[in-house]
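# Observations on the model geometry
Residue-level listing of the chains:
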Amino acid sequence: MRRYLAYLWREFRGEILVLPGRTILFSATAILLILPLLYPHPYLLRILALTFIFAIFAASWDLLSGFVGQLNLGHAIFFGVAAYASAILNLRLGLPIIITIPVGAVAAVVAGLVVGIPCLRLKGQYLSLATLAFPVILMGLVFMFTEFTGGELGVSGLTRLAPTRLHEYYISAFVGVLSILAIWKITDSKLGLVLHAIREDEVAARASGINTSQYKLIAFCLSGLFAGIAGGLYAHFMRIAGPQSLSMLTSFQAIIWTIFGGIATIYGAVVGVFVLFPMLEVLRVAPEIRLLLYAAIIVLVLRFMPEGLAPWVVDRLERECPRCKEHNAFTRRECRVCGTPLRVPLQKTPVSGEHMSGGEGLSASQEGG
Amino acid sequence: MLGNLLVSTLMSASVYAMLAVGFSLTFGVARIINLAHTAFYMVASYIIFTATMKMGLPLYVGVVAAVSLVVLLAMVTYKVLVDPMREHETTVLILTIGVALVLQELMFLWFGGYFRSVPTAVEGFTTLLGVRVSYQYVLTICVLIVTLALVWLLLMKTRLGLAIRATAQDREIANVMGMSDSRTATITVGIAAALAAIAGAIVAPLFIIEPRIWLSPLTVVLAISVLGGLGSLKGSILGAVIIALSENLVVFLVPQGAFFKGAFSLLIMIVVLLIRPEGLYGVAFEEER
Amino acid sequence: MLLAVKNLTVCYDTAMLLNDVSLNVATGELVGVVGPNGAGKTTLLRTIAGLVRWERECKRGTKAGNITIDGEIHFDGQRIDKLPPDEIARRGLVLCPERRRPFRELSVLDNLRAGAYLVKDHRVFQQSLESVYTMFPILKARAGQVSGTLSGGEQQMLAIARALMTQPKLLCIDEPSTGLSPKIRAELFAKIREIAKSGLTVLLVEQDVSLAFSLSTRNYILSHSKVMAEGTSDELMKDEKVRQSYLGLAGPASA
């Protein structure tokens, strides 16, 4: 037991305390998990629970759009499909939460396929703008079949997520932490490597024998799965699934949070939600100019930190080793992995041209691009 | 009924074409997706409202004020916020959403969320193809078509138009030929804003003014420019006609179709993209080849 | 000196693409720059035309924007390395780029008009249009055609003609022979010789050493980001070390 604790401590020191960014994330998570026990204010719990739910949503967007580079402007479709599926199952069939939320998430996976398959052929801006269309189309359907979807009012009166606020908070927090860790692990795995390769150069990835279509669909489904979990949680937490969950602003929220926090990092998306969502609540002190201030702050921050908030902070707290690309705390003088000195200016090396041999090499044509 | 359909299609097609051409030009030259594009249209309507209803100025003064203020606003926003970080594609996306939200909230703050309207420029109506058409409609359609023709002339016949077309093809080489891409892009953003403002000004008497009126035209404009091919003018105009026609058909033929018309135009866009992944006349940027 | 490049060093992040390159071009010369793939020839021309600096300004703040440029470039007695590309074009230095890069969806005539963007005088425009049409009659025949549909050789002619329309003092041509058949190449190089004969200064980057040497008054050999040798074509062809290391020709000179 003592040895196991010592092992845990060593791992903790070696993996988390060694980098300021990780230390901050770890302590923030710890505080978020302990604080509500000491100060269970219902309003605070409500905000934090929603923040966790949206953190899953933002991280799932980052997985698809940031990490795989399939910039999805209609992410709300996954959220909305899951919310409506959970709500309808819960109300019409009286199924319990333990079934409705997973089924909602599966519905979102199906939505991932529905969106993903037509998008396989599309690239860049065409893909983004096409994805924007799907939630709007679904919203049209919601308004056409009002007796089933409740139209403008939505489906309301769902079972509560848990009997008390504190329980609700801990359910959202644990599901949130687990989902985000899962997304993080995915990006860190071999699958993540393939997905990253697709973002960097799809043609090259295909040429190396990767079935990019299949992997892109996997990405759409995984992203849909997590966004669906968030959507189901949200529906049960708010006890309503309405057309609001499909609106363009819901999609834009995920994008705003993620890019504000730092795209293609996962942790950036989470940081973005935890900074912006509570901030929007704090701004309720000035209801008249609430959204104005919110938008202005985002615009100003991004104007000066174009890569997002979290990478900006990390850049100041950590330094990348020029040789092995491992991150190091800014206080260190040499790399913790390979011992390369970090403070000396970078050595610039001439690139080597191809040596030419034989007379034919001379007139070999070089077709660019 | 056919006449009704034709008139209202012509009307929405010309409004959409004005907005989509501006959006497409901005995309082609400045290489940004400007999600605040239709917010400029909304701001222009409010300026007209202020000038005519609050200050009692004649309508044409309102139109001139709206166009010049909106162009100034767009160019300054572009220079200060967007131009320094054009290469951060996703950040620019959020910046433009942010700008649109700021404008929307400012309008809420100054004018409240009430539905406003402005007086028409001309009274009366005429009968065309057996349909009663108000003179305001006729005037609006004429102004929009003339403006589009002027833009076409500007692009095809002038030095500036040449610079815009060349920059939309290949920024680097346009620079090498002495066309400053940053200057061209700023001017293009100005032209696009002017088109949006004229559209906003001229249709203001026909529609209700409200701070959120930028959202639904935004989806339509995106659908049109994707359908026609991003960065292509021909595509934008053709796309506007296709979308306007199909929207009006849905409203005329399907009961409760009005709820579905936005969704229907996007459905058409997706169908076109399935057949042609780069729209009808997609443009490939030379430096990205 | 019309163009003087002094100790030019260009790094993209930690990769050094040009290492302390110095080069001079006097008025009326045709200077060739030859060397293997990846030697830095295109980067050299792009830096001179101001495009590398432009790229750095565009991508400032991103990882791709970590470009450093050291050294000086003087053109026509003035320092130009801090100027934007359009300003450099205004001073009379024009680049005819690698891969030709016509404005693909513009007609041939519009491409030529775009070249003459800085020429405000309509008479001058008409004259230079006449002269490029006489030099490349095929362009006149295809004036209304969309330039993306031209053949490779025609596109290259268009690119040179477009560059000539700017009324340059110095014409920098980057790899004109790429992807062309030997017959078209010979035709094209005859035109370049004609241009140089007419008194225009030309800086020609070329992979095909024999073609470049057949035209040039003086040459630089660029390899591994550095200037390795300099001299007239005959001098370089006779230099045993140069022949073996950079020109890939074994054995003693026969010329």
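In the block above lies the structure referred to throughout.
Reading guide: rules and limits
Residues numbered from 1 in each chain as written. Chains lettered and ligands numbered in written order. Predicted model: local features only at pLDDT ≥ 70, side-chain atom pairs only at ≥ 80, totals over all residues. Heavy atoms only, no water. Phe/Tyr/Trp six-rings, centres within 6.5 Å; stacked < 30°, edge-to-face > 60°. Helix = DSSP H or I, 4+ residues; strand = E, 2+ residues; numbered from the N terminus. Buried < 20%, exposed > 50% of the residue type's maximum accessible area, 1.4 Å probe, protein only. Lys NZ or Arg CZ within 6 Å of the ring centre and 35° of its normal. Contact = heavy atoms within 4.5 Å. Buried area = accessible area lost by both parts, 1.4 Å probe. Salt bridge = Lys/Arg side-chain N within 4 Å of Asp/Glu carboxyl O. Polar contact = N/O pair within 3.5 Å; in protein donor to acceptor, adjacent residues only side chain to side chain. Nonpolar A, V, L, I, M, F, W, Y, C, P; charged D, E, K, R; others polar. Pairing = 2+ DSSP bridges. Axes fitted to C-alpha atoms, helices over the stretch in contact; angles between N-to-C directions.

In this structure the tally under the stated criterion is 18 aromatic pairs over all chains. Plain terms: the ring middles of Phe52 of chain A and Phe274 of chain A are 5.1 Å apart, the flat faces sit at 80° to each other, and that makes the pair edge-to-face. In this pair, Phe52 of chain A sits in helix 3 (residues 42–67) while Phe274 of chain A sits in helix 13 (residues 267–282), placing the two residues 222 residues apart along the sequence. Accessibility expressed as a relative area gives 21% for Phe274 of chain A, which makes it partly exposed. The interplanar angle of 40° and the centroid separation of 5.0 Å between the aromatic rings of Phe54 of chain A and Trp257 of chain A together place this pair among those described as tilted. With a gap of 203 residues between them, Phe54 of chain A in helix 3 and Trp257 of chain A in helix 12 (residues 248–261) connect regions that are remote in the sequence. Overall, Phe54 of chain A belongs to the buried group, its relative accessible area being 10%. Three or more aromatic residues joined by ring pairs form one cluster here, namely Phe54, Phe57, Phe79, Tyr234, Trp257 and Phe277 of chain A. In this structure, Arg132 of chain B packs its charged tip against the face of Phe125 of chain B, placed 4.0 Å from the ring centre.

Counting residues at the interface gives 28 residues for chain B and 30 residues for chain C. Interface area, chain B with chain C, both sides summed: about 2,800 Å², of which 57% is carbon and sulfur. Scanning the region where chain B abuts chain C turns up 4 salt bridges. The partner of Glu172 of chain B in a salt bridge is Arg46 of chain C, with the nearest N and O atoms 2.9 Å apart. Counting the contacts that link chain B with chain C gives 9 residue pairs in polar contact (both at pLDDT 80 or more). Going through the elements one at a time, helix 6 (159–169), helix 7 (171–176) and helix 8 (181–203) of chain B are the ones with two or more residues in the side of chain B that touches chain C. Classifying every residue of the side of chain B that touches chain C gives 10 nonpolar, 6 polar and 12 charged.

Let us look at the pattern of salt bridges. One pass over the full model with this rule turns up 29 salt bridges over all chains. The residue Lys216 of chain A makes a salt bridge to Glu202 of chain A at a minimum N-O spacing of 2.9 Å. With Lys216 of chain A in helix 11 (residues 212–238) and Glu202 of chain A in helix 10 (residues 202–207), the pair connects residues that are 14 residues apart, well separated along the chain. An identical accessibility class is assigned to Lys216 of chain A and Glu202 of chain A; each is buried. Put simply, Asp81 of chain C and Arg79 of chain C hold a salt bridge, and the shortest N to O gap is 2.8 Å. With relative accessibility at 38%, the residue Arg79 of chain C sits in the partly exposed group. Each of Asp170 and Glu172 of chain B together with Arg46, Glu55 and Arg101 of chain C takes part in a single network of salt bridges with overlapping partners.

Bringing unusual backbone geometry into the picture now. One non-glycine residue, Asn7 of chain C, lies in the positive phi region at around 45°. Residue position: Asn7 of chain C is located in strand 1 (residues 3–12).

Another aspect to go through is the sheet that holds strand 7 (residues 170–174) of chain C. Strands in a sheet are paired, the pairing made by backbone hydrogen bonds, and the direction either parallel or antiparallel. Residue and element names in this part refer to chain C. The strand order across the open sheet formed by 6 strands is 6-7-8-3-9-10, and the pairing between neighbours is mixed. Two strands bound the open sheet, and with one partner strand each, they are strand 6 (93–96) and strand 10 (226–231). Going from strand to strand, the sheet's axes swing by 20° on average, the running direction of each strand aside. As paired elements, strand 3 (residues 30–34) and strand 8 (residues 201–206) share 5 bridges and run parallel to each other. What sits directly across from Val34, in strand 8, is Glu206. Contacts between helix 1 (residues 41–48) and the sheet are confined to strand 3, strand 6, strand 7, strand 8 and strand 9 (218–223), with strand 8 contributing the most and set at about 145° to the helix.

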